[in-house]
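# Structural features, examined
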Amino acid sequence: MNTLFKALNDPTRRAMLELLRQGPRTAGEIAEHFSFSKPTISHHLDLLRQADLVSSDKQGQYVTYTLNMTVMDELLGWLLQFKSDT
């Protein structure tokens, strides 16, 4: 869970997740929305992948990233247990 919270702690990574809510995108398409170098974008995407928040699929020279809603659902379920019923 520490990896998950570390990934969610960064505003750039949260913005990437919001972008992926709209559907799968290649690393290049994601990079178009940010003013970082490609290695920096790759680093952020790798941290999201390590936290299992995104999955990646390499097709030729392109890597497509997809939001992993299963982890988000599990996180939401865990957080909701702390919600007061009052």
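Reading guide: rules and limits
- Residues numbered from 1 in each chain as written.
- Predicted model: local features only at pLDDT ≥ 70, side-chain atom pairs only at ≥ 80, totals over all residues.
- Heavy atoms only, no water.
- Helix = DSSP H or I, 4+ residues; strand = E, 2+ residues; numbered from the N terminus.
- Expected span 1.5 Å × (residues − 1).
- Buried < 20%, exposed > 50% of the residue type's maximum accessible area, 1.4 Å probe, protein only.
- Arc of directions from axis to C-beta.
- Contact = heavy atoms within 4.5 Å.
- Polar contact = N/O pair within 3.5 Å; in protein donor to acceptor, adjacent residues only side chain to side chain.
- Core = buried A, V, L, I, M, F, W, Y, C linked by side-chain atoms within 4.5 Å.
- Pairing = 2+ DSSP bridges.

In the nomenclature of an unreviewed UniProt entry, the protein chain is known as Sporulation delaying system autorepressor SdpR of Hymenobacter saemangeumensis.

In this section: helix 4 (residues 38-50). The end-to-end C-alpha distance of helix 4, which contains 13 residues, comes to 18 Å, matching closely the 18 Å that a straight helix rising 1.5 Å per residue would cover. When we look at burial in helix 4, the residues that qualify are Ile 41, His 44, Leu 45, Leu 47 and Leu 48. Looking down the long axis of helix 4, one finds its buried residues gathered within 155 degrees of arc, a one-sided arrangement. Along helix 4, exposed side chains directed more than 90 degrees from the buried face belong to Lys 38 and Pro 39. Turning to helix 4, the residues buried within the fold contact helix 1 (2-8), helix 2 (11-20), helix 3 (27-31), strand 2 (54-59) and strand 3 (62-67). Positive phi shows up at Asp 52, right after helix 4, with a value of about 65 degrees.

Inspection of the secondary structure assignment puts Thr 64 in strand 3. You can call Thr 64 buried: its relative accessible area is 19%. In this structure Thr 64 touches Pro 24, Arg 25, Thr 26, Ser 55, Ser 56 and Asp 57, once residues within four positions along its chain are discounted.

Quick look at helix 2 now. Helical geometry note: an α-helix holds 3.6 residues per turn, so side chains three or four residues apart project in the same direction. Among the residues of helix 2, Thr 12, Arg 13, Met 16, Leu 17, Leu 19 and Leu 20 are the ones counted as buried. Burial along helix 2 is one-sided: seen end-on, the buried residues are contained in an arc of 160 degrees. Facing away from the buried side of helix 2 by more than 90 degrees, the exposed set consists of Pro 11 and Glu 18. Where helix 2 begins, the capping side chain belongs to Asp 10, and its oxygen is found 2.8 Å from the backbone nitrogen of Thr 12.

With that settled, the discussion passes to the nonpolar core. The biggest cluster of nonpolar side chains holds 20 residues, and the ones touching the most others in it are Leu 4, Met 16, Leu 17, Ile 30, Leu 45, Leu 48 and Leu 53. Among the elements of the structure, helix 1, helix 2, helix 3, helix 4, strand 3 and helix 5 (69-80) are those that each provide at least two residues to this core.

Our next topic: the pairing of strand 3. In this sheet, strand 3 lies alongside strand 1 (residues 25-26) in antiparallel orientation, the contact comprising 2 bridges. Looking across to strand 3, one finds that Arg 25 is bridged to Tyr 65. Relative to strand 3, strand 2 is paired through 6 bridges, and the arrangement is antiparallel. Directly across from Asp 57, in strand 3, lies its bridge partner Thr 64.

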